[in-house]
Amino acid sequence: MVGLLPETNAAAETDVLLDAWDFKGRPAPRASTGRWGAAAMILVAELNERLTTLGIAVNLVTYLTATMHLGNAESANVVTNFMGTSFMLCLLGGFVADSFLGRYLTIAIFTAVQASGVTILTISTAAPGLRPAACAAKGAAACERASGAQLGVLYLALYLTALGTGGLKSSVSGFGSDQFDETDRAEKNQMMRFFNWFFFFISLGSLLAVTVLVYVQDNLGRPWGYGACAAAIAAGLVVFLAGTRRYRFKKLVGSPLTQIAAVVVAAWHKRRLELPADPAMLYDIDIGKVAAAEEGSTKKTKRKERLPHTEQFRFLDHAAINEDPAAEPSKWRLATLTDVEEVKTVVRMLPIWATTIMFWTVYAQMTTFSVSQATTMDRRIGSSFQIPAGSLTVFFVGSILLTVPIYDRIVVPVARRLNGNPHGLTPLQRIGVGLALSVIAMAGAALTEIRRLRVARDEAVPAGGVVPMSVFWLIPQFFLVGAGEAFTYIGQLDFFLRECPKGMKTMSTGLFLSTLSLGFFVSSALVAAVHKVTGDRHPWIADDLNKGRLDNFYWLLAVICFANLLVYLVAARWYKYKAGRPGADGSVNGVEMADEPMLH
């Protein structure tokens, strides 16, 4: 085979990859497929996705309150449910990509779905019949709320967009990494740089969304702003499809969700059987047979490594009891001990997974109530320019970009001298710092809101009036949550990538993104519960924020986050890294990152 010849200039011209194919199903030529020529088109698609999704999300709450005439609590929940659904649908997109369509078709189809959703959203903002009459046109104090049909069209547009976002995000980073051959040192180094550029393009898309697009929406109109989003995602799809001839495609690997379900089902079926005293009696993969079968084969496969037996969660060991050694094994009746141990590893990670959800609940406030606060404050710069309320999130994005180099240049060297970890803080320590910052952020947000309400009361600001207080008072809460995300996000990324078994790498994507999704849903549940308990007479979350007590809601979040931090510290102390000393290997700079979760 050509791939086994010594490396020469002539061989390099005809070298093909044995685990990747071109668009016609032939072994992919190394020279004419993959690498940066293909990855660049994938990066453009992700840039446009981020521009589109964030361009809708960061300013959506103002559209819901000012145009659709929904209350603050309901508007916040619409935004958080939209974002939560987007991330939750990444699980569906990942399952479809791994089990049925592959990453290329999943990206192409779901990007088209997202484009259709944003197009419907643009039409809903442009057609007069799809939004209620303006308050001034009715000449009444009470504004007409959007009708069920008008909200139905809006929700159809949002959830089609969420479906497209979930499918696209589930596969785009993995497909980008597929363009580089991990067995080639030069290409593997290029793959690491690809993820750096991936983060850069996401940050660029975020900055354009919270500045240019939000300004267009507020000053030229929503149809122009959302129309630009629709054009961006459509252009991203065209660029992505244009790279088809250059892409490298890899075989379906199957979803790890199927493996987890199979182990649980097999263990349940055999729950009454007695476990053998010697774990060696349990069914496991035969490395010798696998190696013999592969000897002489030119086909590369991802072979699992046998994992040692552990005593935790012994119930799952029932799945590896071989009732009938002579029969052909079914994965729903018999699992290997290695499969069982991989599932156990995921179960051991669940306490860490659960205690990181609250950070993303705090994160959700930056796109909802913090933006609503900004609409009530003085946003003028000079005598003529007024900052769009949604553009305050530029300080959030800027905080993330500032925190990352500060961590690398200052925190890492100091922490390296203190704990000997070459990467500075361990993944769990980084998450802990982020969770602590979320507590401080909510306490700071509560104090800022107390001051805003005091000024509104002292100045007798009328309903819907502007409080004579600079909007820049909100910067600390945006900055603290942004810094917290830089710690929490990268800590989670490192933790889930390193600790997920090699045979279940795509599970890291699902676990990571599900914390974001559930954080948004928890925010919706908390808002609904608080709004119901505080009622209409003394509401914490009033339609007119100057009449509410949003500070109490922020204090509630601070208390919950502090309690969650304490639980997290216990869970982090209990957890044992599978690779021994944290940072010894497998970090973001050293782990196999072929299935790295995408940055959001």
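The coordinates are above.
Predicted, not measured: the structure shown is a model, and the values here were computed from it. (Residues numbered from 1 in each chain as written. Predicted model: local features only at pLDDT ≥ 70, side-chain atom pairs only at ≥ 80, totals over all residues. Heavy atoms only, no water.)

Moving on: the overall build of the protein chain. Across its full length, the protein chain holds 19 helices and six strands. Across the 600 residues in the protein chain, those meeting the buried criterion constitute 52%. The contacts of the protein chain with a sequence gap of at least 6 include a subset with a gap of at least 24, amounting to 81%. (Helix = DSSP H or I, 4+ residues; strand = E, 2+ residues; numbered from the N terminus. Buried < 20%, exposed > 50% of the residue type's maximum accessible area, 1.4 Å probe, protein only. Contact = heavy atoms within 4.5 Å.)

In this structure, Arg35 takes a positive phi of about 60° despite not being glycine. Residue position: Arg35 is located in helix α2 (residues 35–57). Given a relative accessible area of 29%, Arg35 falls into the partly exposed group.

Turning our eyes to something else, we now look at the packing of aromatic side chains. Taken as a whole and judged by the stated rule, the model has 30 aromatic pairs. With a centroid separation of 5.6 Å and an interplanar angle of 75°, the aromatic rings of Phe369 and Phe553 are classed as edge-to-face. With a gap of 184 residues between them, Phe369 in helix α14 (residues 369–375) and Phe553 in helix α19 (residues 550–574) connect regions that are remote in the sequence. The residues Phe369 and Phe553 share a single accessibility class, namely buried. Members of the aromatic cluster, joined through ring pairs, are Phe87, Phe359, Trp360, Tyr363, Phe396 and Phe520. One residue, Arg271, lies across the ring of Trp268, its end atom 3.9 Å from the ring centre. Arg430 extends its terminal NZ or CZ atom over the ring of Tyr407, reaching a point 3.6 Å from the ring centre. (Phe/Tyr/Trp six-rings, centres within 6.5 Å; stacked < 30°, edge-to-face > 60°. Lys NZ or Arg CZ within 6 Å of the ring centre and 35° of its normal.)

Below, the discussion takes up the side chain of Thr53. Within the fold, Thr53 resides in helix α2. When its relative accessible area of 1% is taken as the criterion, Thr53 is described as buried. Other than its neighbours up to four places away in sequence, Thr53 contacts Gln114 and Thr165.

Here we come to the state of the cysteines. In this structure the tally under the stated criterion is one disulfide. A sulfur-sulfur separation of 1.8 Å characterises the disulfide bridge that pairs Cys135 with Cys143. The chirality of the disulfide connecting Cys135 with Cys143 is right-handed, given an S-S dihedral of about 120°. On the basis of relative accessible area, Cys135 is assigned to the partly exposed category, the value being 23%. Taking relative accessible area as the criterion, Cys143 reaches 36% and is therefore assigned partly exposed. (Disulfide = S-S within 2.5 Å.)

Once that is clear, we can look at the pattern of salt bridges. If you walk through the whole model with that rule in mind, you get 19 salt bridges. Residue Asp181 pairs with Arg30 through a salt bridge whose shortest N-O separation is 3.1 Å. Placement of the pair is Asp181 in the loop between α7 (172–177) and α8 (185–219) and Arg30 in the loop between β2 (27–29) and α2, with a sequence separation of 151 residues. On the basis of relative accessibility, which here comes to 4%, the residue Asp181 falls in the buried class. By relative accessible area, Arg30 is classed as buried at 15%. Of the charged contacts in the structure, one is a salt bridge between Arg145 and Glu74, with a shortest N-O distance of 2.7 Å. A residue pair is termed long-range when its members are at least 10 positions apart, and Arg145 in the loop between α5 (135–138) and α6 (148–169) and Glu74 in helix α4 (residues 72–126) qualify at 71 residues. Classification of Arg145 as partly exposed rests on a relative accessible area of 41%. In this structure Glu74 comes out as partly exposed when scored by relative accessible area, which is 30%. (Salt bridge = Lys/Arg side-chain N within 4 Å of Asp/Glu carboxyl O.)

What follows covers the nonpolar core. Ranked by size, the top nonpolar core spans 102 residues in total, and within it Leu428, Phe553 and Tyr554 carry the most contacts. Examining the composition of this core, we find that eleven residues originate from one element, α4, more than from any other. The residue makeup of this core includes at least three contributed by each of domain 1 (16–133 + 146–253) and domain 3 (342–577). Once residues lying within four places of it in the same chain are set aside, the contact partners of Phe553 are Gln365, Phe369, Leu526, Val527, Val530, Trp540 and Ile541. With 25 residues, the next largest nonpolar core counts Leu47, Ala115, Val172 and Met191 among its residues. (Core = buried A, V, L, I, M, F, W, Y, C linked by side-chain atoms within 4.5 Å. Domains from an automatic or database assignment.)

Looking at the secondary structure, you find Thr244 in the loop between α9 (222–242) and α10 (256–269). Owing to a relative accessible area of 18%, Thr244 belongs among the buried residues under this scheme. Engagement of the side chain of Thr244 in a polar contact is seen with the side chain of Tyr104, the distance being 2.6 Å. Sequence-distant contacts of Thr244, that is, excluding residues within four places in its chain, are made with Phe23, Tyr104 and Phe249. (Polar contact = N/O pair within 3.5 Å; in protein donor to acceptor, adjacent residues only side chain to side chain.)

A contiguous nonpolar patch, built from Leu402, Ile406, Ile410, Val414, Leu418 and Phe479 and spanning about 560 Å² of accessible area, is present on the exposed surface. Inspection of the secondary structure assignment puts Leu402 in helix α15 (residues 393–419). Since its relative accessible area comes to 42%, Leu402 is described here as partly exposed. (Patch = residues over 30% accessible without salt bridge, like charges linked within 9 Å, V, L, I, M, F, W, Y side chains within 5 Å. Areas by Shrake-Rupley, 256 points an atom, 1.4 Å probe, with all protein chains shown as cover.)

This brings us to the pairing of strand β1 (residues 16–21). The side chains of a regular strand alternate between the sheet's two faces. Both β1 and β2 contribute to a ladder of two bridges, which runs antiparallel. Residue pairing for β2: Trp21 is matched across the bridge by Pro27. A loop of five residues connects β1 with β2, the two strands running antiparallel in sequence, and Gly25 in this loop sits at a positive phi of about 85°. (Pairing = 2+ DSSP bridges.)

An ideal rise of 1.5 Å per residue puts 20 Å on 14 residues; α10 measures up with 20 Å between its terminal C-alpha atoms. Along α10, the positions that sit buried rather than exposed are Pro256, Gln259, Ala262, Val263, Ala266 and Ala267. Taken down its axis, α10 places every buried residue within 125° of arc, on the same side. (Expected span 1.5 Å × (residues − 1). Arc of directions from axis to C-beta.)

The next thing to look at is the pairing of strand β6 (residues 467–470). Of the two faces of β6, the one holding Val467 and Met469 is buried and the one holding Pro468 and Ser470 is not buried anywhere. In the sheet, strand β3 (residues 377–378) pairs with β6 via two bridges, with the strands oriented parallel. Residue pairing for β6: Asp378 is matched across the bridge by Ser470.

Our focus in this paragraph is the packing of α2 against α4. It is at 7 Å that the axes of α2 and α4 come closest, and there the two elements cross at 150°. One way to sum up the angle between α2 and α4 is to call them roughly antiparallel. Between α2 and α4 the crossing geometry is left-handed. In contact with Glu49, Thr52, Thr53, Ile56 and Ala57 of α2, α4 contributes Val79, Phe82, Met83, Gln114, Val118 and Leu121. Considering only residue class, the contact of α2 with α4 consists of seven nonpolar, three polar and one charged. (Axes fitted to C-alpha atoms, helices over the stretch in contact; angles between N-to-C directions. Parallel < 35°, antiparallel > 145°, perpendicular 65-115°, else oblique. Left-handed = near helix turned anticlockwise from the far one by under 90°. Nonpolar A, V, L, I, M, F, W, Y, C, P; charged D, E, K, R; others polar.)

So, about the packing of α4 against α6. Packing of α4 against α6 brings their axes to within 8 Å, and their N-to-C directions diverge by 35°. Looking at the contact of α4 with α6, its residues break down into 23 nonpolar, 15 polar and two charged.

Honestly, it's all geometry; don't read function into it.
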